[in-house]
Amino acid sequence: MHWTPAAAANFTAANRPSQYGIDRVIVHVTQETYADTVKIFQNPKKQVSAHYCVRSADGYIGQFVREDDVAWHAGNWGYNTRSIGIEHEGWVDQPSWFTEAMYRQSALLTAAVCVRYGIPVDRQHIIGHVEVPGTDHTDPGPYWDWSRYMSLVKASLR
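Scoring rules and cut-offs
- Residues numbered from 1 in each chain as written.
- Predicted model: local features only at pLDDT ≥ 70, side-chain atom pairs only at ≥ 80, totals over all residues.
- Heavy atoms only, no water.
- Buried < 20%, exposed > 50% of the residue type's maximum accessible area, 1.4 Å probe, protein only.
- Helix = DSSP H or I, 4+ residues; strand = E, 2+ residues; numbered from the N terminus.
- Arc of directions from axis to C-beta.
- Contact = heavy atoms within 4.5 Å.
- Phe/Tyr/Trp six-rings, centres within 6.5 Å; stacked < 30°, edge-to-face > 60°.
- Lys NZ or Arg CZ within 6 Å of the ring centre and 35° of its normal.
- Pairing = 2+ DSSP bridges.
- Axes fitted to C-alpha atoms, helices over the stretch in contact; angles between N-to-C directions.

**Student:** Report on helix H1 (residues 34-42), specifying residues and quantitative values.
**Tutor:** Turning to H1, its buried residues are Tyr34, Thr37, Val38 and Phe41. The buried residues of H1 all sit within an arc of 100° when viewed along its axis, so they share a single face. Looking at the buried residues of H1, the elements they touch are strand S4 (52-54), strand S5 (61-63) and strand S7 (83-88).

**Student:** Could you give an account of the packing of aromatic side chains, naming the residues involved and the relevant values?
**Tutor:** Within this structure, the stated rule accounts for 12 aromatic pairs. Centre to centre, the rings of Tyr34 and Phe64 are 6.4 Å apart; their planes meet at 55°, and the pair counts as tilted. With a gap of 30 residues between them, Tyr34 in helix H1 and Phe64 in the loop between S5 and strand S6 (70-71) connect regions that are remote in the sequence. By relative accessible area, Phe64 is classed as buried at 1%. Ring geometry for Phe98 and Trp144: centres 5.2 Å apart, planes at 80°, overall edge-to-face. Taken together, the positions of Phe98 in the loop between S7 and helix H3 (100-117) and Trp144 in the loop between strand S8 (126-128) and helix H4 (146-156) put the pair 46 residues apart, joining distant regions of the chain. Each member of the pair Phe98 and Trp144 is classed as buried. Chaining the aromatic ring pairs together yields one cluster made of Phe98, Tyr103, Trp144, Trp146 and Tyr149. When the ring centre of Trp146 is taken as reference, the NZ or CZ atom of Arg123 above it lies at 3.6 Å.

**Student:** Tell me what's going on with the pairing of S7, and back it up with residues and numbers.
**Tutor:** Across the 6 residues of S7, 6 count as buried, placing the element largely inside the fold. Side chains of S7 alternate between two faces, with Ser83, Gly85 and Glu87 and Ile84, Ile86 and His88 buried alike. Of the pairings in the sheet, the one linking strand S3 (residues 24-27) to S7 comprises 4 bridges and is parallel in character. What sits directly across from Arg24, in S7, is Ser83. The sheet contact formed by S4 and S7 spans 3 bridges and is parallel. Each bridged residue has a counterpart across the sheet, and for Val54 the counterpart in S7 is His88.

**Student:** Outline the environment of Val115, supporting the account with residue identities and numerical values.
**Tutor:** Looking at the element boundaries, Val115 is found in helix H3. Taking the C-alpha atoms as reference, Val115 lies 8.1 Å from Leu157; in sequence the two are 42 residues apart.

**Student:** Any chance you could break down the sheet that holds S7 for me, citing the residues and the numbers?
**Tutor:** An order of S1-S5-S4-S7-S3-S8 is seen for the 6 strands of this open sheet, with the pairing classed as mixed. With one partner strand each, in any of the chains shown, strand S1 (2-3) and S8 form the two edges of the open sheet. Bridge count between S4 and S5: 3 bridges; the pairing is antiparallel. Each residue of the ladder has a partner; that of Cys53, found in S5, is Gly62. Its contacts with the sheet place H3 against S3, S4, S5, S7 and S8, and it is angled at close to 175° to S7. Across the sheet, H4 lies against S3, S7 and S8, angled at about 155° from S8, the strand it touches most.

Shown next, in the form of C-alpha cells:
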C-alpha cells in the first residue's frame, strides 16, 4: 500500500471513529484509470476522494485519505461520515477490469477494515455506490461479482 494524499480541499479532516462512527464500506468503480484517479484526487477543484483505490492489473492499493478523515466519495454526507470508500480501477461496463488480483486485494482490505471497526461482513454493511440514497451513480455496476467478492472477504477473516 502506498500513501498518496488527496488534496486537502477534497476531504474533511475529522477524528473518526470518535467524531463519526464507521459502520460500512462502500465499493466504487472509478470510470478512470488508476493514474487518472490519482490526478483527480489530487486536484483541489474536483472535490472528490476515496480512502483507497485498487489497481486492476495487480491489485496494488493506494491510500489517499486517512481513515480518521471523511473522504468525499458517496455523494451523501451521512454516508461519507460513516464509511470507508474503496475505489476500483475500471469501468462498470467492462468486466475485464475486475481481475482476480483486484478482487483478492480489495477483499483483504475490506476484511481488515471490517475487523478494525467491528463492521459486520454482510451486504447491508458492504455496499455499492449505487446503493447510497440519493446517488446518481451505477457503480460498481452489473459485472461486479458480489457473491465472489463477499466470499473472498469472508475467507480473508480466517
